Structure formats: C-alpha cells, structure tokens
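Fold and geometry: a report
So you can see what is in the structure, the chains are spelled out below.
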Amino acid sequence: MADFLSAYSIQSWLESCPQGYLEGTEYGHRPGEHELSLLLENQVLHTDAIRTTVQLVVGERCALAASSGLINAAPDEASKRFLATQTLDEARHVEVFTHRLYDLGVPKGELEYVIKRYANPNLVKFAEILLEKVDKKDFIAGVVGQNIVLEGMAFSVFEMMYAMNKDVNPKFGHTLSGTIADERRHVGFGENRIGSLIKENPEKRPAIERMQKDMSYFMLATFADAFRQTQALDELDRLGQERVHTEYQGADLGAMQPAEMEHLLAGTVLKEFKTRLGRIGIEYQTPVRP
Ligand SMILES: [Fe+2]
Ligand SMILES: [Fe+2]
C-alpha cells in the first residue's frame, strides 16, 4: 500500500502533471499553436474534425461524471484522493476538447446542440452502462468500467489519433499527448487498486464480466460507425494530398483504408482488455460483433 499511496498521491500528481508535462501549456497545447487552416476551409474535413472532437467530449464528460461519482463510493481515503486528481484531469480533458470545438468555429451558444447532433448513439449507450454502476455506488464495477474499459479504449484511440496528427497538426497532437499521459496514470490506478478488491469480493465477478461484455459491444459499434462515416481520406485523395505515413502498432496508417484501421484499433483495444482484466482476475468476455 505504501507504493500505491505515493504513486497516486496528490503530491506526485502535482509534480508530474501541472508542474510537469502540462507546465506552460494553454488548453493542452503550446501557446500560439493554431488549428490547421485546411480543416477550417474544407467543408468535408471540417465536419469530420467536429464529429471526431464531439466523440472525445462525450467520452470525457462520461469520465468526469464517473470519476467524481466514484469518490464517495471509494472504500479508502487514498482512493478518494486519487479520484479527486482524476476528476480534475477529466474536467481538463472536457475543457481542452470543448475548446477545440470553439477553435473549429463552433459558436459557444451552439455547443450543446452540436454535441447532441454529432454524438454517436452507441458511445452514449456505452457511457450509460458505466454511469449506471456509478449511480449505484458500485465502486468495484465502476472502477473496472472506467479505469480499465473506458480508459483502455480512450488510451488506444488517443494513441492512434496522435500517430495520425503529430506531424500534420501539432496543436491537436500536443493536446492528445498530454491527455495520453493522464490516461496512463488512470489505467494504472485501476489495475493496482482493484485486483485485491475483486479477490475479496468474488461474487461481484459475473456482473462485472457482463458489464465489460456490454460496454465492449457498444465500443465496437462506435468504432464501426466512426470509420464508416469518415470521408476525410477520400477528400484528401480528391485534393491530391499525399497520405501521411505514420506508424501505429507496427502498421503504416498511411497505407490503410478506414476498414483496416477499424480492424487494427478494435484488435488492439480488445487485446489490451484481455491482458488488463486478466491481471485483476476478471475473465474477458467476447462481445457479439455488431
Ligand atoms: Fe480523460
Ligand atoms: Fe482518464
């Protein structure tokens, strides 16, 4: 418990995060960085960027509701303090991605309308399954749903987006890399804290395995929708823009079609789930393929 206490303390959060990799940033990026003008000028790419960013806001709003809701369900003081730091991280993620929507030209008064219009219904269902556990103050299921399933998914999605954006859109790339560093800490907490609790409460296993299976189903459905909806690659081809050759999970994203990217992302996340759930003594359940 001593390592756990220091690794997830507010003190180490202060040193590594606000006084560390976020120092000098502005809404998650370096001061003076701007959105790509191509994204602002081209209708297809603009809509695509807004739709993608809306999913990030929806996911982060869910993480904010879950991490704050779990504070009062936590059985020990160290977990409460960690979740308080996570709550601020998630609120920051909501803020930086909301700010990106403003930078993309969404008027402040239309924010909620734009989010409602573009939010993927499958991602909304995914979030509801988790928030139901949080509402019932089910700490173990809530942490598995949030810090393993939701954040395991977010982590892989952000890494793929980072690979695609780091060279062409440094502003978005920097907001993603700061978020990835936060998510790494959150996933680590889930694994470290929950293993022993599951051992002490084996009767909780079946319900947690069912939740993971249901959440995984809606995650895969969200990925399928997202890669089907995107017209960005076709549009870049039409404009004669060269594809960006960048590596993710040993593959060249610049040589892939959307369906292949979806397959790679889904495979990566599910493999991660299997490993992480195995470490905490939960048997991974394969979802039905949407
Ligand atoms: Fe987050
Ligand atoms: Fe997180």
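Coordinates for the structure precede this section.
Heads up: these notes are all about the structure in this document.

Rules behind the numbers
- Residues numbered from 1 in each chain as written.
- Chains lettered and ligands numbered in written order.
- Predicted model: local features only at pLDDT ≥ 70, side-chain atom pairs only at ≥ 80, totals over all residues.
- Heavy atoms only, no water.
- Helix = DSSP H or I, 4+ residues; strand = E, 2+ residues; numbered from the N terminus.
- Rg over C-alpha atoms; globule rule 2.2 N^0.38 Å.
- Buried < 20%, exposed > 50% of the residue type's maximum accessible area, 1.4 Å probe, protein only.
- Contact = heavy atoms within 4.5 Å.
- Areas by Shrake-Rupley, 256 points an atom, 1.4 Å probe, with all protein chains shown as cover.
- Lys, Arg positive; Asp, Glu negative; His and termini not counted.
- Charge placed at Lys NZ, Arg CZ, Asp CG, Glu CD.
- Donors = N, O, S within 2.8 Å, 3.2 Å for Na, K, Ca; no water.
- Tetrahedral: all angles 85-135°; square planar, octahedral: opposite > 155°, others 65-115°.
- Arc of directions from axis to C-beta.
- Axes fitted to C-alpha atoms, helices over the stretch in contact; angles between N-to-C directions.
- Parallel < 35°, antiparallel > 145°, perpendicular 65-115°, else oblique.
- Left-handed = near helix turned anticlockwise from the far one by under 90°.
- Polar contact = N/O pair within 3.5 Å; in protein donor to acceptor, adjacent residues only side chain to side chain.

When helices and strands are counted, the protein chain shows 12 helices and 2 strands. Secondary structure of the protein chain in N-to-C order comes out as α-α-α-α-α-α-α-α-α-α-α-β-β-α. In terms of C-alpha radius of gyration, the protein chain reaches 19 Å, essentially the compact-globule figure of 19 Å for 290 residues. Each principal axis of the C-alpha distribution contributes one length, and for the protein chain these read about 60 × 45 × 40 Å. Sorting the 290 residues of the protein chain into buried and exposed places 53% on the buried side. For the protein chain, the proportion of contacts with a sequence separation of at least 24, taken over those separated by at least 6, is 80%. For the protein chain, the accessible surface area stands at approximately 13,600 Å², while carbon and sulfur atoms represent 52% of it. Taken as two groups, the 32 positive and 42 negative side-chain charges of the protein chain have centres that lie 5 Å from each other.

To continue, consider the environment of G178. Secondary-structure assignment places G178 in helix α9 (residues 170-200). Put simply, G178 and H29 are 149 residues apart on the chain and 8.3 Å apart in space, counted from C-alpha to C-alpha. Not counting residues up to four positions away in its chain, the partners in contact with G178 are Y21 and R92.

Attention shifts here to the coordination of the iron ion (ligand 1). For a metal with four tetrahedral donors the ideal donor-metal-donor angle is 109.5 degrees, whereas six octahedral donors ideally subtend 90 or 180 degrees. Surrounding the iron ion (ligand 1) are the protein donor atoms E60 (OE), E90 (OE), H93 (ND1) and E183 (OE), at 2.0 to 2.2 Å. Geometry at the iron ion (ligand 1) is irregular, judged from its 4 donor atoms and the angles of 89 to 135° they form at the metal. The sequence pattern describing where the donors of the iron ion (ligand 1) fall on their chain is E-x29-E-x2-H-x89-E. Between the iron ion (ligand 1) and the iron ion (ligand 2), a separation of 3.2 Å is found, and both are coordinated by E90.

Turning next to the coordination of the iron ion (ligand 2). Listed as protein donors to the iron ion (ligand 2) are E90 (OE), E151 (OE), E183 (OE) and H186 (ND1); their distances from the metal cover 1.8 to 2.2 Å. Taken together, the 4 donor atoms surrounding the iron ion (ligand 2) define angles of 91 to 166° at the centre, an arrangement classified as irregular. Sequence positions of the residues that donate to the iron ion (ligand 2) give the spacing E-x60-E-x31-E-x2-H.

Our next topic: helix α6 (residues 111-118). Of the positions making up α6, those classed as buried are L111, V114, I115 and Y118. Viewed end-on, α6 has its buried residues packed into an arc of 100°, placing them on one side of the element. Every exposed residue of α6 that faces more than 90 degrees away from the buried side is listed here: Y113, K116 and R117. Elements that come into contact with the buried residues of α6 comprise α4 (43-71) and α5 (77-103).

Relative to each other, helix α8 (residues 139-165) and α9 sit at 155°, their axes nearing to 8 Å. Here α8 lies roughly antiparallel to α9, going by the angle between them. At the point where α8 passes α9, the crossing takes the left-handed sense.

Examined against the element boundaries, H46 turns out to sit in helix α4. The class for H46 is buried, based on a relative accessible area of 18%. Here the side chain of H46 touches L104 through a polar contact of 2.6 Å, landing on its backbone oxygen.

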